[in-house]
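Residues per chain, in single letters:
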Amino acid sequence: MAPPRSKRPPRARPAARAASAPWSARFAEPVSVLVKRFTASVAFDRRLAQVDIEASLAHARMLAACRVIPRQDLADIERGMADIRAEIAAGSFAWSLEAEDVHTNIERRLIALVGEAGKRLHTARSRNDQVATDVRLWLRAEIDEVDARLAALQDALLGQAERHAALVMPGFTHLQVAQPVTFGHHLMAYHEMLERDRARFAGCRTRVNRLPLGAAALAGTTFPIDRERVARELGFDGVCANSIDAVSDRDFAIEFCAHAALAMMHLSRLAEELVLWMSPRYGFVRLPDRFCTGSSIMPQKKNPDVPELVRGKSARVTGSLVALLTLMKAQPLAYNKDNQEDKEPLFDAADTLKDSLAVFAELVAGLEPVPEAMRAAALEGFATATDLADYLVRKGVPFRDAHAIVARAVREAEGVGCDLSGLPLAVLKRFSPAIGDDVFDSLSLEGSVAARDHVGGTAPRRVKAAVARARARRGKP
Ligand code: ARG
């Protein structure tokens, strides 16, 4: 079916007036003030200014090299852009709502500074490929910063894990004491999560690092441009292969938010544990006072606001991901103004993740575990019951039978009100003749963790090896 034709009523168009008006020659009246405010993005896309200028300079150098603009124009553009950079850095650049977005603001200022040459800059490009390029350049730098901060948090975890490789705490499943683990081993679990986060961001970076410029509005340009040259100059790995995809694609931003949401989920789990561990009911760790806040009414309180906020902020990053997925799902190709809405969620996701990583790196480095509290808790939940079962298996009892024997022993200990290791040998022997006086090595917390001596296990020497391995990996370029 043919698309519907719009039947516009004939309009009186005062050509002479439109030509001299400050608004586009295409329109018979200026945009309403409300619409101007509604459509403008300069309030938030100004943070793209430096990358916008960088991309414009690369574009201008290519235009000159391909003889699309004269050499002198390039020199004028370079001079004007240097001034603009200085104005922005000094805070004296006059951002205007009138000019809508960062791109037009800078272009207008360039024209005011250098005249004709400034008007030629936009040859062979559109704001559609320009904005896609800017966001990619900006995001690439953000990914590098995120990676550095993930690595810094990993370093803090490694430091603590090394110090506390042998410190015994209860490990939980279903939030019930399960088996003894070491604090170092527990922290190294987070190190692993962050390692995967870093790999995900590195993968995302390869897809971010493609140049959209040259796609122009959507169909490409009639000028003899050299996209590869621009890509090289801006440090891109290559150019976007399809001009329509180049201006409409925001997968890279969605991917970033997905990885950011996942990383924040990891931080949120750590936050949750810190909140529990800091609660007097657990008392497993103390946070230095600089990370705690008081209550305005209860003088005795020391609250874990920082972990709580990280847990809370993970919600907004997940929100950014959902926002971007929803933003894109019904957009026809190619560019639509909807895309302007990609920036705030993306910016916020990056800011929130970076802040959370920075604050957690410091906080983790400052954590002070409380060994007595961890030990007391580990002794409470029959954490070495599996060790007793494994002991029986080593003496020839089938595991299922061993499981039942230990369950009976646990009931006995529960009745008496002691740990398994508190039962006299004679009592233990009643449950199985296979039990000998060497059983207490298996029932001690230290014996339990030391026995899990394989790659990925909680034995102190394995934790130290995992730390060393992680450090060695870091040493590699
Ligand atoms: N401010 C716009 C954005 O963020 C720039 C691109 C505008 N392009 C257009 N055809 N209106 O997406």
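Anything mentioned here points back to the structure above.
Trainee: Let's hear about the overall build of the chain: which residues, and what values?
Mentor: A tally of regular secondary structure across the chain gives 21 helices and 6 strands. Here the chain has a C-alpha radius of gyration of 32 Å; the compact-globule value for 477 residues is 23 Å, and the former is much larger. The buried share of the chain, reckoned over its 477 residues, is 47%. Charge-centre separation for the chain: the mean point of 66 positive side chains lies 4 Å from the mean point of 60 negative side chains.

Trainee: For unusual backbone geometry, give the residues involved together with the corresponding values.
Mentor: Put simply, Leu333 and Ala334 share a cis peptide bond, and its omega is 5°. Summarising the element assignment, Ala334 is placed in the loop between α13 (305-328) and α14 (343-366). At Arg67, a position not held by glycine, the phi torsion is positive, near 60°. By the secondary structure assignment, Arg67 is in the loop between α4 (49-65) and α5 (71-90). With a phi angle near 55°, Ala216 is a residue other than glycine that sits in the positive phi range. If you trace the backbone, Ala216 turns up in the loop between β3 (210-211) and α10 (227-233).

Trainee: Can you break down the pattern of salt bridges residue by residue, with the values?
Mentor: The tally for this structure, following the rule as stated, stands at 33 salt bridges. Note that Asp351 is salt-bridged to Arg47, the shortest N-O span being 3.0 Å. In this pair, Asp351 sits in helix α14 while Arg47 sits in the loop between α3 (42-45) and α4, placing the two residues 304 residues apart along the sequence. Notably, a salt bridge pairs Lys343 with Asp342, separated by 2.9 Å at the nearest N-O pair. Taken as a pair, Lys343 and Asp342 share a single burial class, namely buried. One continuous salt-bridge network, built from bridges that share partners, spans Asp73, Glu116, Lys119 and Arg120.

Trainee: Outline the pairing of strand β1 (residues 168-173), listing residues and values.
Mentor: Bridge analysis of β1 against strand β2 (residues 176-182) gives 6 bridges, and the strand direction is antiparallel. Bridging from a neighbouring strand, Met169 pairs with Val181 of β2. Taken together, β1 and the strand that follows it, β2, pair antiparallel across an intervening segment of 2 residues, in which His174 is found at a positive phi of about 55°.

Trainee: How would you summarise the packing of aromatic side chains if you had to cite specific residues and measurements?
Mentor: Think of a pair of aromatic rings as described by two things: how far the centres are apart, and how the planes are tilted against each other in angle. Summed over all chains, the structure comprises 6 aromatic pairs. Ring geometry for Phe93 against Trp95: centres 4.4 Å apart, planes inclined by 50°, an arrangement best described as tilted. For Phe93, a relative accessible area of 7% gives the class buried. What links up through ring pairs into an aromatic cluster is the set Phe172, Tyr282 and Phe284. Directly above the aromatic system of Phe347 lies the positively charged group of Arg47, at a separation of 4.6 Å from the ring centroid. Residue placement shows Arg140 over the ring face of Phe236; its charged tip is 5.3 Å from the ring centre.

Trainee: Report on the side chain of Lys354, specifying residues and quantitative values.
Mentor: Within the secondary structure, Lys354 is located in helix α14. Under the relative-accessibility criterion, Lys354 is labelled buried at 13%. Among residues more than four places away in sequence, those in contact with Lys354 are Glu142, Glu145, Val146 and Arg149.

Trainee: Requested: an account of the site of the ligand, with residues and values cited.
Mentor: Close to the ligand lie Ser41, Asp101, His103, Arg127, Asn128, Val131, Tyr335, Gln340 and Lys343. Gln340 is positioned with one of its side-chain polar atoms (N or O) 2.8 Å from a nitrogen atom of the ligand. In isolation the ligand exposes 340 Å². Once the protein is present, 86% of that is buried. Of the residues forming the shell around the ligand, the biggest block, 3 residues, is contributed by helix α8 (residues 127-163).

Trainee: Explain the environment of Ala112 residue by residue, including any values.
Mentor: Position of Ala112 relative to the elements: it lies in helix α6 (residues 102-114). Classification of Ala112 by relative accessible area gives exposed; the value is 58%. Residues Ala112 and Gly80, 32 residues apart in the sequence, show an inter-C-alpha distance of 9.0 Å.

Trainee: Break down the packing of α8 against helix α9 (residues 183-208) for me, with residues and values.
Mentor: Direction vectors running N to C along α8 and α9 enclose 165°, while the axes themselves pass 9 Å from each other. When the interaxial angle is binned, α8 and α9 end up roughly antiparallel. Of the two possible hands of crossing, α8 and α9 adopt the one that is left-handed.

Trainee: Tell me what's going on with α13, and back it up with residues and numbers.
Mentor: Over its 24 residues, α13 runs 35 Å from end to end, which matches the ideal 34 Å to within 8%, given 1.5 Å per residue. Listed as buried for α13 are Val306, Pro307, Val310, Ser314, Val317, Ser320, Leu321, Leu324, Leu327 and Met328. Elements in contact with the buried residues of α13: α11 (243-248), α12 (251-278) and α14.

Trainee: Outline the state of the cysteines, listing residues and values.
Mentor: In total, this model carries 0 disulfides according to the counting rule given. No disulfide involves Cys204; its sulfur sits 9.2 Å from the nearest other cysteine sulfur, which is in Cys257. Take Cys204: its relative accessible area is 0%, and that puts it in the buried class.

Trainee: Can you break down the nonpolar core residue by residue, with the values?
Mentor: Ile77, Met81, Leu153, Phe183, Phe201, Phe256 and Phe360 are the most contacted members of the largest nonpolar core, which totals 95 residues. Residue contributions to this core peak at 15 residues, all from α12. In this structure, Phe382, Leu388, Val406 and Val439 belong to the second largest nonpolar core, which totals 21 residues.

Trainee: Which residues make up a nonpolar patch on the surface, and what values go with them?
Mentor: Taken together, Leu218, Ile244 and Leu333 make up a surface patch of nonpolar side chains, about 270 Å² in accessible area. Among the structural elements, Leu218 can be located in the loop between β3 and α10. For Leu218, a relative accessible area of 37% corresponds to the partly exposed category.

Trainee: Can you explain the side chain of Arg250? Please cite residues and give values.
Mentor: Locating Arg250 in the fold gives a position in the loop between α11 and α12. Using a relative accessible area of 2% as the deciding quantity, one classes Arg250 as buried. Polar side-chain contacts of Arg250 include one of 3.4 Å to the backbone oxygen of Val247. In contact with Arg250, other than residues within four places in its own chain, are Val131, Ala132, Met328, Tyr335, Asn339 and Asp342.

Parameters and conventions
Residues numbered from 1 in each chain as written. Predicted model: local features only at pLDDT ≥ 70, side-chain atom pairs only at ≥ 80, totals over all residues. Heavy atoms only, no water. Helix = DSSP H or I, 4+ residues; strand = E, 2+ residues; numbered from the N terminus. Rg over C-alpha atoms; globule rule 2.2 N^0.38 Å. Buried < 20%, exposed > 50% of the residue type's maximum accessible area, 1.4 Å probe, protein only. Lys, Arg positive; Asp, Glu negative; His and termini not counted. Charge placed at Lys NZ, Arg CZ, Asp CG, Glu CD. Salt bridge = Lys/Arg side-chain N within 4 Å of Asp/Glu carboxyl O. Pairing = 2+ DSSP bridges. Phe/Tyr/Trp six-rings, centres within 6.5 Å; stacked < 30°, edge-to-face > 60°. Lys NZ or Arg CZ within 6 Å of the ring centre and 35° of its normal. Contact = heavy atoms within 4.5 Å. Near = heavy atom within 4 Å. Polar contact = N/O pair within 3.5 Å; in protein donor to acceptor, adjacent residues only side chain to side chain. Areas by Shrake-Rupley, 256 points an atom, 1.4 Å probe, with all protein chains shown as cover. Axes fitted to C-alpha atoms, helices over the stretch in contact; angles between N-to-C directions. Parallel < 35°, antiparallel > 145°, perpendicular 65-115°, else oblique. Left-handed = near helix turned anticlockwise from the far one by under 90°. Expected span 1.5 Å × (residues − 1). Disulfide = S-S within 2.5 Å. Core = buried A, V, L, I, M, F, W, Y, C linked by side-chain atoms within 4.5 Å. Patch = residues over 30% accessible without salt bridge, like charges linked within 9 Å, V, L, I, M, F, W, Y side chains within 5 Å.

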